[in-house]
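# Topology and contacts: notes
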Amino acid sequence: MIIVNEKKNSNQIEKEDELFIPPIPPPNKKSQIQFDETELSKEQLESVKQLDLNKYHPILVKCEQCNKNKVIPIPIKKVQNIDSREILIAYLHQNKETHEIHCIIFEIDHQFNVYFPKATDVLMNLSSLNDAEKLEKANYKIRTIFVLCDICRKTLQIQVPEKIQKRIKESHLPKIPLCYIHTDEKGNEPHCLVVFIDKNYGDRNRRLADILIFE
Ligand SMILES: [Zn+2]
Ligand SMILES: [Zn+2]
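Now for a description of the structure that goes with this document. Since this is a predicted model, take the numbers as computed values, not measurements. (Residues numbered from 1 in each chain as written. Chains lettered and ligands numbered in written order. Predicted model: local features only at pLDDT ≥ 70, side-chain atom pairs only at ≥ 80, totals over all residues. Heavy atoms only, no water.)

In this section: the sheet that holds strand β5 (residues 114–124). A sheet is described by the order of its strands in space; here 7 strands give the open sequence β10-β9-β8-β5-β4-β3-β11, paired in mixed fashion. The open sheet has two free edges, formed respectively by β10 (204–208) and β11 (211–214), since each of these has just one partner strand. In this sheet, adjacent strand axes meet at a mean angle of 30° when their direction is disregarded. The sheet contacts of helix α5 (residues 162–170) involve β5, β8 (175–182) and β9 (191–198), and relative to β5 the element is tilted by about 145°. (Pairing = 2+ DSSP bridges. Helix = DSSP H or I, 4+ residues; strand = E, 2+ residues; numbered from the N terminus. Axes fitted to C-alpha atoms, helices over the stretch in contact; angles between N-to-C directions. Contact = heavy atoms within 4.5 Å.)

Here it is in structure tokens:
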């Protein structure tokens with residue numbers, strides 16, 4: 001009988017613990033570098049050394065477009081402020097050799113483990129009519145897609161230039177992610193809408209990146 005009672009009590013305590021929400025978030029844990037530093041170039045090692053590890057958690061992600069490992073500083077506070085278990089990150093950077101600008105998108109969990117890294121093409125605010133006209137004059141064959149952005153709270157027109165259409169056509173993936181980085185009319189922070197396009201442009205899943213990082 002005593003054992004049963006004790007069990008009940010401990011259950012009770014567990015329940016109360018579950019209900020208890022600390023009024024102040026726990027202090028920031030100093031981030032730990034989880035990768036082998038010998039994998040870094042001198043330049044990268046230098047940039048890691050300059051990071052404030054109380055604010056940024058550096059992670060190493062291979063970019064298949066650059067064919068290089070990239071050190072990406074993840075802002076710790078932003079991660080802590082996101083409730084969902086998977087956090088979508090978009091990292092905008094340039095290929096040092098071809099100068100092409102592109103993104104790596106990937107998910108992290110709250111322990112900064114990296115999942116599903118993928119290099120994607122990127123488009124930036126090309127949706128204004130003027131830009132579209134300019135592009136058309138330059139003889140681009142544009143394909144316009146319409147996608148809802150929950151931050152802008154409106155349907156955006158995204159002009160996909162011929163070069164990216166070609167990549168979509170030739171991709172081995174059934175759905176090809178494309179990053180659309182833009183600001184809204186109120187001039188809020190730039191944000192990244194990831195659109196997953198199938199080869200017929202018929203099915204357009206979308207997801208907002210939780211965190212957009214510029215190189
Ligand atoms: Zn890259
Ligand atoms: Zn938007």
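After that view of the structure, there is still more to cover.
Along the chain, His191 turns up in strand β9. The class of His191 is buried, set by a relative accessible area of 6%. Leave out the neighbours within four places in its chain, and His191 touches Cys149, Ile151, Cys152, Tyr180, Ile181, His182, Thr183, Asp184, Leu208 and Leu212. (Buried < 20%, exposed > 50% of the residue type's maximum accessible area, 1.4 Å probe, protein only.)

Glancing now at the pairing of strand β7 (residues 154–160). Across 7 bridges, the pairing between strand β6 (residues 143–149) and β7 is antiparallel. What sits directly across from Phe146, in β7, is Gln157. Between β6 and β7, which pair antiparallel in sequence order, lie 4 residues; one of them, Arg153, sits at a positive phi of approximately 55°.

A separate point is unusual backbone geometry. Positive phi is not limited to glycine here, since Phe116 has a value of about 50°. Within the secondary structure, Phe116 sits in strand β5. Given a relative accessible area of 65%, Phe116 falls into the exposed group. Positioned with a positive phi, Tyr201 is a non-glycine residue whose angle comes to about 60°. Mapped onto the fold, Tyr201 is located in the loop between β9 and β10.

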